[in-house]
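So you can see what is in the structure, the chains are spelled out below.
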Amino acid sequence: MDASKVADLKLFVDQCKSNPSIIHNPSLSFFKSYLQSLGALIPPDPQPDKGGVNMAEPELHSDAKKPNFSNEEDDDIVESDVELDNTGVVEPDNNPPQKMGDPSVEVTDDKRDAAQTEKLKAVDAISEGKLDKAKDYLTEAILLNPTSAIFYATRASVFVKLSKPNAAIHDADAALEINPDLAKGYKVRGMARAMLGLWEEAARDLHLASKLDYDEEIGSALKKVEPNAHKIEEHRRKYERLRKERELKRNEHQRQQQKAEAQVNDQEALSAFKDGQVISIHSTSEVETKLNAATRTSRLVILYFTATWCGPCRVISPLYTSLAAKYAKVVFLKVDIDEARDVAARWNISSVPTLFFIKNGKEVDKVVGADKSALERKIAQYAG
C-alpha cells in the first residue's frame, strides 16, 4: 500500500481514538458496518436524545438508568415519652449499705430468743412511728439471727416507710435468698421498686406476692403500679412493631433495588449478544466478556474454534450459522485460531474444528471434528 495512504489511515485511526463519535458520520457507514462485522463494540451515538441527554457521555448520566429509591426509612425512629403517674416516686437513696448478718455464724437458742425479743421491740416502735428505732432493733435481730428471712423483710418494710427504696431492695433480696417463697419479700421489694419508678419490675414482684399471700396492701399497690406498667409495655410493643415494619420496608427496598439492578445488568449483558448470529472473537478479553454476560443471563455458550485452511471447518461452518439462527437464545462464538492465537492457546486448541459447550462459566461438553449430528444433538440437549 502506498506510504501516504498508510499515513492517512493512521491519522484517521488516531482521530477515531480521540473522538469515537465520528464513526457515526453517515459518510462512514460502510466503515462502521465493517467494524461491526468483525465484532467490534461501537460507542453509542453522541446525538442528544429527545430529553437532551448526551448519550456519548454515559459516565455523566449513569444514575439515570439505575433505580432510584427513597432512603426515608434510614432515619432512626425517635420514641416519644410515656405519660406516667409518678406520684410517690422518690430520689434514689445512696447511703452506705446497712449492716447485714453473717450467715456462717452459729445461731444458738439463746441468740434466736434474743433476736425475737428485738423484733418485738421493733414492732412496738413501728406502731409508735419510731421508724429509726425500729430499724435499729431489727438490725440487732438480724445480727443475732442472720438466718431469718422475715427479719430482713420486716426491716425492708421499715426502709420503705423511711423512703429508702434501695436499702429496702437490698434487704428484700437477702430475705428472698433465704426463702424464695416469702410473699413479704416480693411485696416489699415491689413497693420499693415502685418508689424508684421501676414500674414493670414492681408489677412482677407484686403479682408474685399476690399469688403467694394476697392482702389489701398488695392490691392497693397493684392499682398504682399496673397502669404505668401497662403503658410502658404498650409503648415498647408499639415501637417494636414500628421497628419491625421499618426493617421489612428496608428489606423490601433492598430487594427491589437488587432486582432492578439485576434487570439493568441483564440488559447490559444482553446488549453484548447478537441473537441469531455468530459473533466473531478476536481476543481473550472478548471471550471473558461474553462468558460473563452469558452467565448473568443463564445462556448456553458455544465456543467454536476454526481456521480458513481447515476443510472440515468449511463443512461445519454453514451448519453452525444456521443453528445460530435456530437457537437465538444460545450464544454462538467463533474464533479463528490464526487471528486470535492467544485465545487458541488459552483453550489449548490442538485441532480444528473444536467446539466447547459452556454453561455458567464452566465447560460442560465439547465436540472435536466435523460431527454434525453430535453438534446438533448437544445443542438441543444443553439449550433446553
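Residues numbered from 1 in each chain as written. Predicted model: local features only at pLDDT ≥ 70, side-chain atom pairs only at ≥ 80, totals over all residues. Heavy atoms only, no water.

Now for helix H13 (residues 372-383). Compared with an ideal rise of 1.5 Å per residue, which puts 12 residues at 16 Å, H13 spans 16 Å between its outermost C-alpha atoms and is within 8% of the ideal. Within H13, the full set of buried residues consists of Ala374, Leu375, Lys378, Ile379 and Tyr382. Buried residues of H13 fall within an arc of 130° about the axis and therefore sit on the same side. On its buried side, H13 packs onto strand S2 (301-306), helix H11 (311-326), strand S3 (331-336), strand S4 (354-359) and strand S5 (362-368). (Helix = DSSP H or I, 4+ residues; strand = E, 2+ residues; numbered from the N terminus. Expected span 1.5 Å × (residues − 1). Buried < 20%, exposed > 50% of the residue type's maximum accessible area, 1.4 Å probe, protein only. Arc of directions from axis to C-beta. Contact = heavy atoms within 4.5 Å.)

To continue, consider the sheet that holds S5. Strand order across the open sheet formed by 5 strands is S1-S3-S2-S4-S5, with mixed pairing between neighbours. A single partner strand is all that each edge strand has here, and the edge strands are strand S1 (278-281) and S5. Direction aside, the axes of adjacent strands within the sheet are offset by 25° on average. Inspection of the sheet shows S2 paired to S4 by 5 bridges, in the antiparallel sense. By the bridge assignment, Tyr304 is partnered in S4 with Leu355. On the sheet, H11 packs against S1, S2, S3 and S4 and is oriented at approximately 155° with respect to S2. Against the sheet, H13 engages S2, S3, S4 and S5, with an angle of about 160° to S5. (Pairing = 2+ DSSP bridges. Axes fitted to C-alpha atoms, helices over the stretch in contact; angles between N-to-C directions.)

Bringing the packing of helix H5 (residues 149-161) against helix H6 (residues 165-178) into the picture now. Axis separation between H5 and H6 bottoms out at 8 Å; the angle between their running directions is 165°. Between H5 and H6, the crossing angle belongs to the class labelled roughly antiparallel. Handedness of the H5/H6 crossing: left-handed. Residue-level contacts link Ala149, Tyr152, Ala153, Arg155, Ala156, Phe159 and Val160 of H5 to Ala167, Ala168, Asp171, Ala172, Ala174, Ala175 and Ile178 of H6. For the contact of H5 with H6, the class distribution of residues is 12 nonpolar, no polar and 2 charged. (Parallel < 35°, antiparallel > 145°, perpendicular 65-115°, else oblique. Left-handed = near helix turned anticlockwise from the far one by under 90°. Nonpolar A, V, L, I, M, F, W, Y, C, P; charged D, E, K, R; others polar.)

Before going further, it helps to examine the side chain of Asp93. Looking at the secondary structure, you find Asp93 in the loop between helix H2 (29-37) and helix H3 (109-127). With no salt bridge to any partner, buried Asp93 finds its closest opposite charge in Lys164, at an N-O distance of 6.7 Å. Of the polar contacts made by the side chain of Asp93, one reaches the backbone nitrogen of Ala167; its length is 3.1 Å. Filtering out sequence-adjacent residues up to four positions away, Asp93 remains in contact with Lys164, Pro165, Asn166 and Ala167. (Lys, Arg positive; Asp, Glu negative; His and termini not counted. Salt bridge = Lys/Arg side-chain N within 4 Å of Asp/Glu carboxyl O. Polar contact = N/O pair within 3.5 Å; in protein donor to acceptor, adjacent residues only side chain to side chain.)

Structurally, the position occupied by Asp205 is in helix H8 (residues 199-213). The class of Asp205 is buried, set by a relative accessible area of 3%. At 2.8 Å, the side chain of Asp205 and the side chain of Arg193 are in polar contact. Other than its neighbours up to four places away in sequence, Asp205 contacts Tyr186, Arg189, Gly190 and Arg193.

Enumeration over the complete set of coordinates arrives at 5 aromatic pairs. With centroids separated by 4.7 Å and ring planes inclined at 55°, the aromatic side chains of Tyr304 and Tyr320 adopt a geometry described as tilted. Taken together, the residues span a long stretch of sequence, with Tyr304 in strand S2 and Tyr320 in helix H11 at a distance of 16 residues. Exposure remark for Tyr320: the relative accessible area of 1% places this residue in the buried category. Judged by centre distance (5.0 Å) and plane angle (50°), the rings of Trp347 and Phe356 are tilted. No difference in accessibility class separates Trp347 from Phe356, as the two residues are buried. Among the aromatic side chains, those forming a connected cluster through ring pairs are Tyr304, Tyr320 and Phe332. Against the face of Trp347 rests Arg346, its NZ or CZ located 5.8 Å from the ring centre. (Phe/Tyr/Trp six-rings, centres within 6.5 Å; stacked < 30°, edge-to-face > 60°. Lys NZ or Arg CZ within 6 Å of the ring centre and 35° of its normal.)

Turning next to the pairing of S4. Within S4, 5 of the 6 residues are buried, leaving the element largely enclosed by the surrounding structure. What sits between S4 and S5 in their antiparallel hairpin is a turn of 2 residues, with Asn360 showing a positive phi close to 55°.

In this section: empty space enclosed by the protein. Scanning all chains against the criterion turns up 1 cavity of 30 Å³ or more. If you add up the space inside the largest cavity, you get close to 30 Å³. Along the walls of the largest cavity sit Phe273, Lys274, Asp275, Gly276, Gln277, Ile279, Arg299, Ala328, Val330, Val331 and Phe332, which together make up its complete lining. Across the lining of the largest cavity, the residue classes tally to 6 nonpolar, 2 polar and 3 charged. (1 Å grid on protein atoms, 1.4 Å probe; cavity = no way out; pocket = protein on both sides within 12 Å on 5 of 7 lines; lining within 4 Å. Points joined across faces, edges and corners; volume = space filled by probe spheres on them.)

Before going further, it helps to spend a moment on the nonpolar core. Leu303, Phe305, Trp347 and Leu375 are the most contacted members of the largest nonpolar core, which has 42 residues in total. If you list the elements that add at least two residues to this core, you get S1, helix H10 (284-296), S2, H11, S3, helix H12 (341-346), S4 and H13. Looking at which element gives the most residues to this core, the answer is H11, with 6 residues. (Core = buried A, V, L, I, M, F, W, Y, C linked by side-chain atoms within 4.5 Å.)

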